[in-house]
Structures are given as C-alpha cells and as structure tokens.
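# Overview (structure and organization)
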Amino acid sequence: MDVDIRLLRYFVAVAEDGSLTRAAERLFVSQPALTKQIRQLESQLGVRLFTRSRAGMALTEPGQALAEQVPALLDDWDRVLRETRRVAGRAARVLRVGFLASAANEATQDIIAAFARRRPGWRVDMRQAAWSDPAAGLADGEVDVALLRLPFPGQDALRVEVLFTEPRWVALPSAHPLATRELIPFRDLWDEPFVAAPPEPGPWRDYWLAVDERDGHPVRIGAVTDQPDDWLSAIANGYGIALAPESAARFYARPGVTYRPVSGVGPSEVGVAWAPADDANPIVQDFVGCCLASR
C-alpha cells in the first residue's frame, strides 16, 4: 500500500495539536480540506485514527501506534530528500541560497559576484522564503545556506555568523497622524494595530512585534501577511503598522507607505547561516567566506 507523505504530515499535525482548527492554521489549509485528508488516510489504512468530540481530536489506539512511528519515518524521509537535493545541486553546480526580504541588502550582489570568482562555473540560485519560514528553507534542507534576519526559530541548531546590524523603523500608512514625525517613541505605537507574520514562527514573529519591549502591553493585530507585497498592501490600506529594518525604506518603497525611525526598540541583525553538516563543505564555506568578506 502506498500512502502519500503529505497525508502523514497532516496526521502528525492533528495528533500534535489535538484540534483540526489549530492544525489547519499551522498547515495553511482550510479545516474542511484537512478533515477530508484525514478521512482519506483512515480509508487507505482501513482504521479509525481519531475520535472526534467537542473537546477536539483524540487518538484511537491504532492512531496512537501510528503517531509513535510516523515522526521518525518523516525525519528519515526528510534526511534522504535533503541529501538527494544536495547531490543534485553539486552535479548541476548550483548553490541554493535561501533568503528573506532584501537578503543582505546592497551587499547581496557583491557576495554573489565574489562567489562566482571563487567558483567559476557555479551558479547561485536565490530562493526567497515566506515569513512563515524565517529559516528560509535551511532547517528543512531546501537550501544549502541562507541569509536571514536574527533571531529565528531553530537558530541554535545551525551555524550563524552576523554580517551587519541596522535599526528597526516603523512602516505606517502615509496618512497616519504619526507619519509626519521625525522620530517616533515605540511607546506611542503600543495601541496601534500591527500587521504581523503568521503565528507559526513564534519568537521571530514576536521579535517583529517587539513583544519584549512593551512592558507587558498586549499586541493588537490588524492583519496577518506572509509576503512583502501583501504586507505593504495591508499597511497602505490602513489595516495596521509594522516594524521593519531601516533598509525597507529603500527596498520596499511604495506610494501610501511611510517609514520613520523608532526609539525604544533594539536593532535588527542579518546573518549567514548553514547546517553543521556543511562545516566541511567547500562550496558552502566559500559562499560563507564571501559573506564574511562583505562585512
């Protein structure tokens, strides 16, 4: 019997969350679609995996047995897939580089050019990630190395070198009363609705909401977005404001959005990150060396 890996990932999410609603939010699918996938898996296996009640989704005995085995199976599959992609990249002489937003800002092109000089015949494949994946595919082996905003979930399990630091500013609708100020104290923004990343990145999302710099003041969420274009649209349309790197004023300038400096929040760091397994990978280390030389 062949079972779709995707169905097993859906099963694990529901088993972990104990709720179709929460699992659907984490997986970015609708609840009816997730329900259909779970039923499809149960049909293929010929067993009932969950009992459903108002309290949520509880594993049956067969479901518990499956839940104990599937995570290891998925980990093995992910490891095999990462190695297969890594070998394919070497064969094609392509280095996969994940990044968020503006990557390493203006230094990005210089880094790529320096790598091309070090490794003639190799090509850098830049892959932009959504904000729901602040590790930009590195944690899942989708890329070989990444240019990231720190801190991000899973950072302690990776190698990270800081490249530069820049202030956090605020992006506001241009018609906002505070948009004419030269400098805005963060305290003056506490009651404003914020445009936020999805909840899945956890601490990374909290960092861009400056949760630790609110003295316990609750965050108001005006909109949730996962891509820069949607983020800009939400701000321009007045759904909220957002903290952003100072460089966003250059890379994400848009009519209807105004950027202003903010006091009372710490700066943002950009780093290059790679997996410990690639400490001895000469291709990855050449790219890292080019990044470090740009500092």
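Remember, predicted model here, so these are calculated numbers, not experimental data. (Residues numbered from 1 in each chain as written. Predicted model: local features only at pLDDT ≥ 70, side-chain atom pairs only at ≥ 80, totals over all residues. Heavy atoms only, no water.)

Moving on, we get to the overall build of the chain. A tally of helices and strands in the chain yields nine helices and 13 strands. Within the span of the chain, comprising 295 residues, buried residues form 45% of the whole. Total accessible area on the chain stands at roughly 14,600 Å², and carbon and sulfur atoms take up 51% of it. (Helix = DSSP H or I, 4+ residues; strand = E, 2+ residues; numbered from the N terminus. Buried < 20%, exposed > 50% of the residue type's maximum accessible area, 1.4 Å probe, protein only. Areas by Shrake-Rupley, 256 points an atom, 1.4 Å probe, with all protein chains shown as cover.)

To continue, consider the sheet that holds strand β8 (residues 184–185). An order of β8-β12-β7-β11 is seen for the four strands of this open sheet, with the pairing classed as mixed. Of all strands in the sheet, those with a lone pairing partner are β8 and β11 (242–245), marking the two edges. Sheet contacts for helix α7 (residues 228–236): β7 (168–173), β11 and β12 (257–263); angle to β12, the most-contacted strand, approximately 90 degrees. (Pairing = 2+ DSSP bridges. Contact = heavy atoms within 4.5 Å. Axes fitted to C-alpha atoms, helices over the stretch in contact; angles between N-to-C directions.)

With that settled, consider the pattern of salt bridges. With the rule as written, the count across this model stands at 13 salt bridges. Among the ionic pairs, D286 bridges to R119, the shortest N-O distance being 2.6 Å. A residue pair is termed long-range when its members are at least 10 positions apart, and D286 in helix α9 (residues 282–293) and R119 in the loop between α5 (107–118) and β4 (123–128) qualify at 167 residues. For D286, a relative accessible area of 17% corresponds to the buried category. Across the salt bridge formed by R181 and D188, the nearest N and O atoms sit 2.7 Å from each other. Within the structure, one salt-bridge network assembled from shared partners comprises R118, R119 and D286. (Salt bridge = Lys/Arg side-chain N within 4 Å of Asp/Glu carboxyl O.)

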